[in-house]
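# Observations on the model geometry
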Amino acid sequence: MGDRDDRGTIGRRVQRLRAERGMTQRQLAEPAYTPAYISTLEAGRVRPSEEALRHLAERLGVGYEELATGRPARLATDLRLRLTEAQRALATEGAEEAAGQYAGLLAEAEAYELPEERAAALLGLGECAVETGELVAGRQYFEQAEQCLADAGAPLPARVPALRGRALAHYLAGELRYAVYLLETTLDELNRGGLHDPDALLLLYASAIGPYMDMGAHARAAQAAELALALAPSAGDPALVARMHRSVARTLLAEGRLAEADASLAKAAELYRTLQLRTELANCHWMRGYVSAQNGELTRAEAEMREALDMLTASRATLYSSQVAVELADVLHRRGKSAEAAELLHGVLDDLSSERGAVHSAGAHRLLGIIAEDARDTEAAEEHYVRALSLLERAGAAGDLADLCRLLGDLLRRTGRVEAALDAYRTGLGHRTAPGTTTLGPAPAQPPL
């Protein structure tokens, strides 16, 4: 009842539909009402009751919702069906295909004032933009989606995908601390408030791994990875099951069974969200590979990182694939496969920049510098180190900065430039952090697993 149009709008709508059907006011009114009541209603001088609207809708041959709101009866369900189609496209065909679908859906949802469907379309556009590296546009879409849901009174778990999207856009732009602040604040609010929604928690924990690692908070990153994997949903083949639910929904919609169609669409949407979580689960394999590399288990590290890279490549997540490739190249170099590592790094540097994956762009230059040093090409090594230093300073990645300054200082000292080497060492000391610590506050509350 709360979204019914005002009495003047409803009156004009009743009058238009009656005229289109060639009905008199008496024919529309009988047997429950009088022609005078219909005349008063059409003039906008009375607000019809729900009972009256249902009578009029039946006489006019339209649905109650369409008469009360002006929206075609099947509109919201049809929009949800097409939103699952766009989710499928994003999960299986890539961002460019999905973005066009989401843009059309957004226009319709706005025209008919459907806030939940509008928020879903904005969220989809944000995810598409992030996957293609348009981080500013992505962040704006996520902010609009979050505001739309908040205005509609949606609970926090429903707003988590938009909040996580904002954090991700800030992280990929090199704004690590703000990204972690957004993620940890939301985690803390969920867990302390008893809102233990597994999908929301999985999304947040998996998204926190990258920023934690880049800030040197390795203990928190490891803990987040284990929590994410413990929360990960299991499904045999979600794409097939989702397709089945989508087909069933189409059949039900054609038969006018809207509530049942909505239920099938909800199941399909959930499965497509599971498919999209492949990116987050790939991050967990990536984290496991990193931990294995830190423990000297290089064969296992390579296997985990290749698994992550394969998952991300299959999802057409270009930016994330490039980041994992940098980590994999480091493992390959440590295993004596320097030529393969350098080829991998040169192949991904075009997809990384100071605005898109700054920390991993710096990591690629750092590793290319080490490989150049091994080949006794000190000029190329210095160039790569300096470019890495500039990227890390901009991103505020303190842990990596200290190590890079040591590498650059050692190179400068070996080539006889002692004063320049001392400057590099001093810069590194100014950014030194103890392993596993940051300037972050206490870790957020944990869910009861």
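Description of the structure in this document. (Residues numbered from 1 in each chain as written. Predicted model: local features only at pLDDT ≥ 70, side-chain atom pairs only at ≥ 80, totals over all residues. Heavy atoms only, no water.)

### Some remarks on helix H4 (residues 50-60)
Buried within H4 are the following residues: Ala52, Leu53, His55, Leu56, Ala57 and Leu60. On the buried face of H4, the contacting elements are helix H1 (7-20), helix H2 (25-29), helix H3 (35-42) and helix H5 (64-69). (Buried < 20%, exposed > 50% of the residue type's maximum accessible area, 1.4 Å probe, protein only. Helix = DSSP H or I, 4+ residues; strand = E, 2+ residues; numbered from the N terminus. Contact = heavy atoms within 4.5 Å.)

### What about the packing of aromatic side chains?
The geometry of two aromatic rings is summed up by the distance between their centres and the angle between their planes. Counted under the stated rule, the structure contains 2 aromatic pairs. Ring centres of Tyr33 and Tyr37 lie 5.1 Å apart, and the angle between their planes is 20 degrees; this geometry places the pair in the stacked category. When the centroid spacing of 5.9 Å and the interplanar angle of 25 degrees are considered together, the rings of Tyr178 and Tyr181 count as stacked. Of this pair, Tyr178 and Tyr181 both sit in helix H11 (residues 176-192), separated by 3 residues, roughly a single helical turn. Since its relative accessible area comes to 35%, Tyr178 is described here as partly exposed. Positioned above the aromatic ring of Tyr64 is the side chain of Arg54, whose terminal nitrogen or guanidinium carbon lies 3.9 Å from the ring centre. (Phe/Tyr/Trp six-rings, centres within 6.5 Å; stacked < 30°, edge-to-face > 60°. Lys NZ or Arg CZ within 6 Å of the ring centre and 35° of its normal.)

### Let's talk about the pattern of salt bridges
A complete count under the given rule lists 24 salt bridges for this structure. Linking Glu42 and Arg18 is a salt bridge whose minimum nitrogen-to-oxygen distance equals 2.7 Å. Of this pair, Glu42 sits in helix H3 while Arg18 sits in helix H1; the two residues are 24 residues apart in sequence, bridging distant segments of the chain. In this structure Glu42 comes out as buried when scored by relative accessible area, which is 8%. Using a relative accessible area of 13% as the deciding quantity, one classes Arg18 as buried. Within the structure, one salt-bridge network assembled from shared partners comprises Glu302, Arg306, Arg335, Lys337 and Glu340. (Salt bridge = Lys/Arg side-chain N within 4 Å of Asp/Glu carboxyl O.)

### Some points on the environment of Leu163
Examined against the element boundaries, Leu163 turns out to sit in helix H10 (residues 156-172). Taking the relative accessible area as the measure of exposure, Leu163 reaches 10% and is therefore buried. On a C-alpha basis, the gap between Leu163 and Thr186 in space is 8.0 Å, while along the polypeptide they are 23 residues apart. In contact with Leu163, not counting residues within four places along its chain, are Glu146, Leu156 and Thr186.

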